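Chain by chain, the residues run as shown.
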Amino acid sequence: MTDTMTAAPDLFSKFDALIEMRANLLSTGVTDPYGLVMEKVLSPTTAICNGRDTILLGTYNYMGMTFDPDVLAAGKAAFDAFGSGTTGSRCLNGTYSPHKDCEEALKEFYAMDHAMVFSTGYQANLGIISTIAGKGDYIVLDIDSHASIWDGCKMGDAEVVPFKHNDIEAMEKRLKRIPAGAGKLVILEGVYSMMGDIAPLKEMIRIAKENGAMVLVDEAHSMGFIGPNGRGVAEDQGVLDQVDFVIGTFSKSVGTVGGFCVSNHPKFEIMRLVCRPYVFTASLPPSVVATAATSIRKLMHGAEKRAHLWANSRTLHGGLKALGFQLGTETPQSAIIAVIMPDLERGAMMWEALLHEGLYVNLARPPATPANMTLLRCSLCAEHTAEQVQVILGMFERAGKKIGII
Amino acid sequence: MDRAATEAKIAALIAPFNKKGVVITDASTFAGDLEFDSLTVMDFVAAIEDDFDIIISMNQQAEIETYGQLVDAVVKLQG
């Protein structure tokens, strides 16, 4: 080696800014918000974290199905009958009868013709979006879309055109500028998980259809409790029949892991052969799909739980507002309530103060958040009691005063 | 619209986003010289799209690093 040869750069130097930002934050002595370990999980709403009894308010376990006795029994039975895993792709040796039954449960739940189960919700978006929108097609999507939607766009060959969050007019203008003859896919979410706000799907889907677009709606954060049958925001706004593809997950209301797409498209089944994130990965363990199928069928009859979850959401939203916290939405629109922090440092301090009180929430920070905000994201569960919600409000009040946010 | 007229329109559109009053040339970069973050890029692109009635897709934006490249792209997109 001579001096004139330049050494190749360390491939990790691109992360230096983030490494420094993390080091600065942790040097203040604050607990690492991304290193929490739950030593024991006692119920859908409580766990022991760092030796402390903790109320869980950041799990997306909206319907509290993770310890449902019927769900656990179904999982155990499938585990014993079918073994620990499939070791194969859905297209080859990885489809067992519990996988088919799980897809039947989804078809019953949504009253749709086709259902396809993926190994995660991330892969469902990645797979469907990258496969159906190809070269020369246009994807029109909300700028605040989830990472899995953006990654699905990036993996495919379509032209990607974002519009300002929930801005109906901005969406319509972009749809109208797409060259004649191009295929169009509009991608929306029912609930946007950062701020907990919902989309004006009724208007947006009408405009998308008027402009000849197919519509995909991600209902990850609404399945199970929004809409008369828990089918999501599109059902609630009376436009589910206009949605071409619903994407969802088992890792929130359903209470396990996995993702899916349901559709009435007559040619939908071809997806099983052409969708690479479906084909080139192992299928879910049979115990997981058996728990999901049981949970989904129970969610069809969850009206009482839904009503209680809404009551919890209204109480927490109203209580936090009355305490003087700045919230992501004026009114409670979902089971997510985002508390806006003045900056990352005080956000991390508040997160830690809440943890010391015995409360776990999600700390969300840029670049995952809209408008570079730092958020404490609270997600409620139908199993939170009314008393727990009052305890939570007391914790927020003490922590907020200690950190000087209220 | 020729390049000069397009450039004049873009110069007017970029002014409210050029908060630091950077002197802009064709070589000015959006990420470096103008310090545009992703939110500013979105608002600025939307302003140009609406004014010229065009689409600048994310795929096309990825190829545009400098002011001069943007002007060239908008000239081309107007057909």
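What counts and how
- Residues numbered from 1 in each chain as written.
- Chains lettered and ligands numbered in written order.
- Predicted model: local features only at pLDDT ≥ 70, side-chain atom pairs only at ≥ 80, totals over all residues.
- Helix = DSSP H or I, 4+ residues; strand = E, 2+ residues; numbered from the N terminus.
- Rg over C-alpha atoms; globule rule 2.2 N^0.38 Å.
- Buried ≥ 20, exposed ≤ 12 C-beta atoms within 10 Å, placed from the backbone.
- Contact = placed C-beta atoms within 7 Å.
- Domains from an automatic or database assignment.
- Nonpolar A, V, L, I, M, F, W, Y, C, P; charged D, E, K, R; others polar.
- Pairing = 2+ DSSP bridges.
- Axes fitted to C-alpha atoms, helices over the stretch in contact; angles between N-to-C directions.
- Parallel < 35°, antiparallel > 145°, perpendicular 65-115°, else oblique.
- Left-handed = near helix turned anticlockwise from the far one by under 90°.

1. Thoughts on the overall build of chain A
Regarding its fold elements, chain A presents 14 helices and 16 strands. Since a compact globule built from 406 residues should have a radius of gyration of about 22 Å, the 22 Å found for chain A is in line with a globular shape. Dimensions of chain A along its principal axes, counting C-alpha atoms only, are 70 × 60 × 50 Å. Counting all 406 residues of chain A, 51% fall into the buried class. Look at the contacts in chain A between residues 6 or more apart in sequence, and 72% of them connect residues 24 or more apart.

2. Some points on the overall build of chain B
Helix and strand content of chain B: four helices and zero strands. For chain B, the sequential pattern of α-helices and β-strands runs α-α-α-α. For chain B, whose C-alpha radius of gyration is 11 Å, the value lies close to the compact-globule estimate of 12 Å for 79 residues. Dimensions along the principal axes, computed over C-alpha positions, put chain B at roughly 30 × 25 × 20 Å. Counting every position in chain B, which comprises 79 residues, the buried fraction comes to 19%.

3. Details of the domain arrangement of chain A
Residue and element names in this part refer to chain A. Taken domain by domain, chain A consists of domain 1 (29-63 + 303-403) and domain 2 (68-299). On the side of domain 2, 19 residues touch domain 1, which itself brings 18 residues to the contact. Class assignment for the residues of the side of domain 1 that touches domain 2 results in 11 nonpolar, six polar and one charged.

4. Topic: the sheet that holds strand 13 (residues 336-341) of chain A
Residues and elements named next belong to chain A. Overall, antiparallel pairing links the three strands, which are arranged 13-16-15 in an open sheet. The sheet is open, and its two borders are formed by strand 13 and strand 15 (362-364), each paired with just one other strand. Across this sheet, the average inter-strand angle for adjacent strands is 30 degrees, counted without regard to direction. Bridge analysis of strand 15 against strand 16 (residues 374-379) gives three bridges, and the strand direction is antiparallel. Residue N362 lies in a different strand from strand 16, and its bridge partner there is R377. Running over the sheet, helix 12 (residues 303-323) touches strand 13 and strand 16 and is turned about 15 degrees from strand 13. Of the strands in this sheet, strand 13, strand 15 and strand 16 are in contact with helix 13 (residues 344-357), which crosses strand 16 at around 30 degrees.

5. Here's the deal with the interface of chain B and chain A
Taken together, the contacts link 10 residues of chain B with 12 residues of chain A. Counting residues per element, the ones that place at least two in the side of chain B that touches chain A are helix 2 (38-52) and helix 3 (58-61) of chain B. For the side of chain B that touches chain A, the element with the highest residue contribution is helix 2 of chain B, accounting for four residues. Looking at the side of chain B that touches chain A residue by residue, the classes come out as six nonpolar, two polar and two charged.

6. Side note on the packing of helix 13 of chain A against helix 14 (residues 386-403) of chain A
Residue and element names in this part refer to chain A. Running from amino to carboxyl end, helix 13 crosses helix 14 at an angle of 135 degrees, the nearest separation of the two axes being 9 Å. Viewed along their axes, helix 13 and helix 14 adopt a mutual orientation that is oblique. In terms of crossing hand, the pair formed by helix 13 and helix 14 is right-handed. Packed against helix 13, whose contacting residues are R346, M349, M350, A353, L354 and E357, the element helix 14 presents M395, R398, A399, G400, K402 and I403 at the interface. Residues of the contact of helix 13 with helix 14, tallied by class, amount to seven nonpolar, one polar and four charged.

7. Re the packing of helix 4 (residues 121-132) of chain A against helix 5 (residues 147-155) of chain A
Residue and element names in this part refer to chain A. Where helix 4 meets helix 5, the axes come as close as 8 Å, and the angle between the chain directions of the two elements is 35 degrees. Relative to helix 5, the crossing made by helix 4 is right-handed. Residue-level inspection shows G121, Y122, N125, L126, I129 and S130 of helix 4 in contact with helix 5, the latter providing S148, I149, D151, G152, C153 and M155. For the contact of helix 4 with helix 5, the class distribution of residues is six nonpolar, five polar and one charged.

8. A closer look at the sheet that holds strand 14 (residues 359-360) of chain A
All names here are of chain A. Pairing is mixed in the open sheet, where four strands are placed in the order 1-2-3-14. Only two strands of the sheet have a single neighbouring strand rather than two, namely strand 1 (38-43) and strand 14. The pairing of strand 2 (residues 46-49) with strand 3 (residues 52-56) spans four bridges and is classified as antiparallel. Bridged to T46 within strand 3 is I55.

9. Looking at unusual backbone geometry
Residues and elements named next belong to chain A. At N50, a position not held by glycine, the phi torsion is positive, near 50 degrees. For N50, the position within the fold is in the loop between strand 2 and strand 3. Owing to 12 C-beta atoms within 10 Å, N50 belongs among the exposed residues under this scheme.

10. Some thoughts on the pairing of strand 2 of chain A
Residue and element names in this part refer to chain A. Where strand 1 and strand 2 come together, four bridges link them in antiparallel fashion. The partner of V41 across the bridge, within strand 2, is A47. Between the end of strand 1 and the start of strand 2, which pair antiparallel, lie two residues. Linkage of strand 2 to strand 3, two consecutive antiparallel strands, is achieved through a turn of two residues, within which N50 is found at a positive phi near 50 degrees.

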